[in-house]
Amino acid sequence: MQKDSLKSYLHLHLIVFIWGFTAVLGALITIHADALVWYRMLFAAVFLFLFILFKKESFRIPIREFFKLIFVGLLIAIHWIFFFEAIHVSNVSITLAVFSLGAFLASILEPIFYKRKVLWYEVFFGLVIIAALAMILQVEMQYFAGMMFALASIIIGVLFTLMNGKLIENHEPSVITFYEFLAGVFFITIYFLFTNKFNVNFFILTATDWVYLLILSSVCTAYAFTASVKVMRILSPYTIMLTTSLEPVYGIILAYLIIGEKEKMSAEFYIGAVLIVITVILNGILKHYLSNKE
């Protein structure tokens, strides 16, 4: 059992590393954010379809749940479009720094979804994160538009994550994600048809973009999701929360190593980013300590 836990823990770090690499791929792919998300969701849906067939799982979903999945799919599509747009108008470092707000936003919205009281220390840590983000905003005003796209993206991301938390209780994660991705492709396709974005040039991509898109949709989306679900069934939520807090760290380091000078930020940015990550980790430690005490 201990060996399985260690294997799962190392696997989780690989998954978090892959999630950090997702933002770098978004910066390297040259097409517009909405087209990028259309390709990503389409290819990921195909990979998941093949995976479900291989696992011989049922595609059946109650009609009421199906409409919920369609709505969540729309949210996921908007979340990713804003995410990649944030990267394109600013950079990976700024986008991932703002994404560190996710834990705080979840602590505020989770009580509403699951009808529990708001915890004082979550609000306190949230205020610290906001202060750190204000420090970043003050010295990196040229990236303000990117920060706003990233903020909108993480708010929507927390919403659909909380909704998925309830849907996964009754259905296979790979199946509901397959339908959510299909719904996202459907909504973006309708938008493209109304705006006449589908033309010959839309389907002409560089060889590099095709390679990056296939990696993004297979390894960073279809694989990372299904693997994370398997790992989450073995490791504690506390371990998962602390480990996933490293995603911005991995992403920012990878962006600097791969993309280079564009990702070089001011000293105040790195102070603010480190403060955000430390605050998220402290929140997890305190939550774990208090839950054990109770």
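Refer to the structure above for everything that follows.
As a starting point, this report considers the structure included with it. (Residues numbered from 1 in each chain as written. Predicted model: local features only at pLDDT ≥ 70, side-chain atom pairs only at ≥ 80, totals over all residues. Heavy atoms only, no water.)

**Points about the side chain of Glu65**
For step 1, the next point in the chain: Mapped onto the fold, Glu65 is located in helix α3 (residues 63–89).
For step 2, the next point in the chain: You can call Glu65 buried: its relative accessible area is 13%.
For step 3, the next point in the chain: The contacts of Glu65, once residues within four sequence positions are left out, are Leu167 and His171. (Helix = DSSP H or I, 4+ residues; strand = E, 2+ residues; numbered from the N terminus. Buried < 20%, exposed > 50% of the residue type's maximum accessible area, 1.4 Å probe, protein only. Contact = heavy atoms within 4.5 Å.)

**Quick notes on the environment of Tyr256**
For step 1, the next point in the chain: Tracing the chain through its elements places Tyr256 in helix α11 (residues 247–258).
For step 2, the next point in the chain: For Tyr256, a relative accessible area of 40% puts it in the partly exposed group.

**Observations regarding the packing of helix α2 (residues 33–55) against α3**
For step 1, the next point in the chain: Orientation of α2 relative to α3, taken along the N-to-C sense of each, is 130°, at an axis distance of 8 Å. Viewed along their axes, α2 and α3 adopt a mutual orientation that is oblique. Note on packing geometry: the crossing formed by α2 with α3 is right-handed. Facing α2, whose interface residues are Ala33, Asp34, Leu36, Val37, Arg40 and Met41, α3 presents Gly73, Ile76, Ala77, Trp80, Ile81, Phe84, Glu85 and His88.
For step 2, the next point in the chain: Split by residue class, the contact of α2 with α3 holds nine nonpolar, two polar and three charged. (Axes fitted to C-alpha atoms, helices over the stretch in contact; angles between N-to-C directions. Parallel < 35°, antiparallel > 145°, perpendicular 65-115°, else oblique. Left-handed = near helix turned anticlockwise from the far one by under 90°. Nonpolar A, V, L, I, M, F, W, Y, C, P; charged D, E, K, R; others polar.)

**Here we look at the pattern of salt bridges**
For step 1, the next point in the chain: Under the criterion given, the structure shown has two salt bridges.
For step 2, the next point in the chain: We note a salt bridge from Lys197 to Asp34, for which the minimum N-O separation is 2.6 Å. Within this pair, whereas Lys197 is found in the loop between α8 (173–194) and α9 (207–232), its partner Asp34 is found in helix α2, the two being separated by 163 residues in sequence.
For step 3, the next point in the chain: Among the residues examined, Lys197 registers a relative accessible area of 28% and is labelled partly exposed.
For step 4, the next point in the chain: Note that Lys68 and Glu65 form a salt bridge whose closest N and O atoms lie 3.4 Å from each other. Here Lys68 and its partner Glu65 are both found in helix α3, three residues apart, which amounts to about one turn of the helix. (Salt bridge = Lys/Arg side-chain N within 4 Å of Asp/Glu carboxyl O.)

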